[in-house]
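# Structural overview for review
Below, each chain spelled out in residue letters.
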Amino acid sequence: LNKLPTINYNTLRRLMGHLHIVADQCEKNLMPVYNLSPLWGPNMLTVDGQEASQFAQTSGEMEVCADLITNYPWLFNVDNLEVEKERRMLEVLEKINFPTPTSVKRSGDIRMWIYIESRTSGDCVSLILHPSLTAGEALRRAGDESNIPLHTLDKMFIHEVVLGGSLERPLHHSEKMLDVTLRWGTWDAEDRHDNYLLLKTNQFYLEALPCAIPPLSVFAEVQFSENKAKSKFSTFLFSVSKANITYYKEEKTGIPTELGAWPVEDINWYIGSEPKRGAPFNLNITFIPKNEEPRTKESPLFGRVMSFNSRELFVKWIAALLVAEHQSDLVPPPSLVRIY
C-alpha cells in the first residue's frame, strides 16, 4: 500500500473506509464483507490488458478486497476514534428527521438550510456541514451567499433553534456545525422534529458582550425549576463562578447552603424555555447536559430552567456564562472576517 501514488492511496483509503462502515451495518443493509467483495474486488483489481477469459477468475481479487475492508483500520493506520466517529454519524443520521430540505452526501456530509433572520422570511442558504465546518466559517459563508453587508454580519450569530423556536442558542464561532446537528439525533423524535439553524442578530448577546470581561462572577436570587416530573418554580440563590453554576437555599440563619453545581463545560444553555413549563417571567435560560439526552424517564422535562425578573440581571448572567465557558475567546478571529 505504501508504494501506491498518493492520489491512489487516498482514494483507496476513503473507499475502504466507506465499505468498512457499510459492512459494519450489515444487519440493517444486508451487505456484509462477503457480499461487498465480489462487487468491488474485480472492479478495483482488474487491470488493463487482462484477457477476457480471465475476467471470471476473480477469487483472488475478492479475497484481497475482503482483507482490505475487514482490516481497514490496521492497514490504513486509522485510530478507533475516527472509525467510531463515522459509525456514530451513520447511526445518528438514521434518526434525524430534518424539518427542512436536506440531503446526505455519500461522504457522510449533510447539506442543510440556514435561515436568515427568521424561518418565515423566505431567505435562506444551503451549506454542506462537513465535519470540520465551524460556526464562524458557516456564518461567513452564509453572509457571502446572502450578500449581507459586513457591518451587519458582525452583529449576527448562527443560532441552534430547538423545540419549534421556544429555545435558541447562539453558537460559539469554534463549534462544529455537524456536531450540533448530529446531537439532535440522540433526542426523542418529539424534541428533534422541529429544530433548525438560524442566522440573525441577538440583542441580549450584543448587550452582554461588552460586559463579558474576565474575571466575572454573578450571585443573585432567581426562580428555578428542576427537570424532574411535577417540578415547580421556586426561589433559589445562584452563582456563576470559576466555570461552575452553583445553587443554594437560604437558611433561616441567613447562611446559604449549597444544593448542587454544574460545570459550565458539561452543559449547553439556551435562551428561552419550554412553554409548558410555565416560567414566571419572560426572560429564561434553560440548560441541558451536553453529552446526554435532555429527557430521561427520571427527568422528563426539557432541561433545568432559570427565570429572571430583570433584564439587567438576565444580560449579566449571559455575560457571566460566556466568560465561564469561553473566557476572552468570544468573537471570531481575524481570519474569519470577510475581506473585499
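In the block above lies the structure referred to throughout.
Per chain, residues are indexed from 1 in the order of the written sequence. Residues qualify for local features only when their pLDDT is at least 70, as the model is predicted, and side-chain atom pairs are given and counted only at 80 or more; totals for whole chains, interfaces and linings, by contrast, use all residues. Excluding hydrogens and water, the side-chain figures rest on all heavy atoms present in the structure.

## Re the overall build of the chain
Per the convention used, a helix needs a DSSP run of H or I reaching at least four residues, while a strand needs a run of E reaching at least two, with both numbered from the N terminus. Summing up its helical and strand segments, the chain has 12 helices and 13 strands in all. Buried residues in the chain amount to 46% of all 340 residues. In the chain, the proportion of contacts linking residues at least 24 apart, taken out of those at least 6 apart, comes to 59%. Think of it in three bands: residues with accessible area under 20% of the maximum for their type are buried, residues over 50% are exposed, and the middle band is partly exposed, with areas taken using a 1.4 Å probe on protein chains only. Pairs of residues are marked as contacts when any of their non-hydrogen atoms sit within 4.5 Å.

## Structural notes on the side chain of Thr181
You can see Thr181 is positioned in helix 9 (residues 177-184). Polar contacts, as counted here, are pairs of nitrogen or oxygen atoms within 3.5 Å of one another; within protein the pair requires one atom able to donate a hydrogen and one able to accept it, and residues that are adjacent in sequence qualify only if both atoms are side-chain atoms. Polar side-chain contacts of Thr181 include one of 3.1 Å to the backbone oxygen of Leu178.

## Here we look at unusual backbone geometry
Cis rather than trans, the peptide bond between Pro214 and Pro215 has omega equal to -5 degrees. Inspection of the secondary structure puts Pro215 in the loop between helix 11 (203-208) and strand 7 (218-225). In this structure, Leu163 is a non-glycine residue whose phi angle is positive, near 55 degrees. Its place among the elements puts Leu163 in the loop between strand 4 (156-162) and strand 5 (167-170). Take Leu163: its relative accessible area is 16%, and that puts it in the buried class. Of note in the backbone geometry, Lys242 takes a positive phi value of approximately 55 degrees without being a glycine. For Lys242, a relative accessible area of 77% translates into the label exposed.

## Re the packing of helix 1 (residues 6-24) against helix 4 (residues 59-70)
In this analysis, axes come from line fits to C-alpha atoms, helices being fitted only over the stretch in contact, and the angle between any two N-to-C directions falls in the range 0 to 180 degrees. Between helix 1 and helix 4, the shortest axis-to-axis distance is 8 Å and the interhelical angle comes to 80 degrees. Taken together, helix 1 and helix 4 sit at an angle that is classed as roughly perpendicular. Mapping the contact onto sequence places Leu12, Met16, Leu19, His20 and Ala23 in helix 1 and Leu68, Ile69 and Thr70 in helix 4. Lys, Arg, Asp and Glu make up the charged group, whereas Ala, Val, Leu, Ile, Met, Phe, Trp, Tyr, Cys and Pro make up the nonpolar group; the residues left over, Gly among them, are polar. Its residues assigned to classes, the contact of helix 1 with helix 4 comprises six nonpolar, two polar and no charged. Here is the rule for angles: anything less than 35 degrees is roughly parallel, anything more than 145 is roughly antiparallel, 65 through 115 is roughly perpendicular, and the remaining ranges are oblique.

## Focus: helix 3 (residues 33-45)
Note on helix geometry: an α-helix contains 3.6 residues per turn, so any two residues three or four positions apart are oriented the same way. Bend at a given residue is defined as the angle between two axes, one fitted to the seven residues that end at that position and one fitted to the seven that begin there. Its maximal kink placed at Leu39, helix 3 deviates by approximately 30 degrees, while the proline Pro42 follows within four residues. Taken residue by residue, helix 3 has Leu36, Ser37, Gly41 and Pro42 as its buried positions. If you follow the buried residues of helix 3, they end up packed against helix 1 and helix 4.

## Looking at helix 12 (residues 311-326)
Compared with the 22 Å implied by 1.5 Å per residue over 16 residues, the 22 Å span of helix 12 between its first and last C-alpha is a close match. Counting buried residues along helix 12, 12 of its 16 residues qualify, which places the element largely inside the surrounding structure. Of all the positions in helix 12, only Leu313, Phe314, Val315, Trp317, Ile318, Ala319, Ala320, Leu321, Leu322, Val323, Ala324 and His326 are classed as buried. Between a side-chain oxygen at the N-terminus of helix 12 and the backbone nitrogen of Glu312 the separation is 3.3 Å; the capping residue is Ser310. Within two residues after helix 12, Gln327 carries a phi angle of roughly 55 degrees, on the positive side. In this analysis, the expected span of each helix is defined as 1.5 Å times one less than the number of residues it contains.

## Observations regarding the pairing of strand 8 (residues 234-241)
Sheet topology places strand 7 next to strand 8; seven bridges connect them, and they run antiparallel. Across the sheet, Gln223 pairs through a bridge with Thr235, a residue of strand 8. Counting the residues between successive antiparallel strands, the hairpin from strand 8 to strand 9 (residues 244-250) contains two residues, one of them, Lys242, with a positive phi of roughly 55 degrees. Pairing between strands is defined by DSSP: at least two bridges between the two strands are required.

## Side note on the packing of aromatic side chains
Here a pair means two rings of Phe, Tyr or Trp (six-membered ring of Trp) with centres within 6.5 Å. Their orientation is stacked below 30 degrees between planes, edge-to-face above 60, and tilted elsewhere. Enumeration over the complete set of coordinates arrives at 19 aromatic pairs. The interplanar angle of 15 degrees and the centroid separation of 5.3 Å between the aromatic rings of Phe238 and Tyr247 together place this pair among those described as stacked. Per residue, the accessibility class of Phe238 equals that of Tyr247, and both read buried. Between Arg169 and the ring centre of Tyr270, over which it is positioned, the NZ or CZ distance is 5.7 Å. The positively charged end of Lys249 is found above the aromatic ring belonging to Phe236, 4.8 Å away from the centroid. By definition here, charges over rings are those cases where NZ of Lys or CZ of Arg is within 6 Å of the ring centre and within 35 degrees of the ring normal.

## A look at the nonpolar core
In this description, a nonpolar core means a group of buried Ala, Val, Leu, Ile, Met, Phe, Trp, Tyr and Cys residues linked to one another through side-chain atoms lying within 4.5 Å. Counting residues in each nonpolar core, the largest one holds 37 residues, and the members touching the most others are Phe238, Phe308, Trp317 and Ile318. Looking at this core, the elements with two or more residues in it are helix 11, strand 7, strand 8, strand 9, strand 11 (267-272), strand 12 (283-289), strand 13 (304-308) and helix 12. Considering every element that reaches this core, the biggest residue donor is helix 12, with 11 residues. Met112, Leu167, Met177 and Phe302 belong to the second largest nonpolar core, which has 31 residues in total.

## Quick word on the pattern of salt bridges
One side chain can pair with another of opposite charge once the charged atoms of both are near each other. Here a salt bridge means any side-chain nitrogen of Lys or Arg lying within 4 Å of a carboxyl oxygen belonging to Asp or Glu. Summed over all chains, the structure comprises nine salt bridges. Residue Arg169 is joined to Glu160 by a salt bridge in which the shortest nitrogen-to-oxygen separation is 2.9 Å. Of the two residues examined, Arg169 and Glu160, each falls in the buried class. Linked through salt bridges whose partners overlap, the residues forming this network are Asp191, Glu274, Lys276 and Arg295.

These results come straight from atomic positions and should not be treated as a statement about function.
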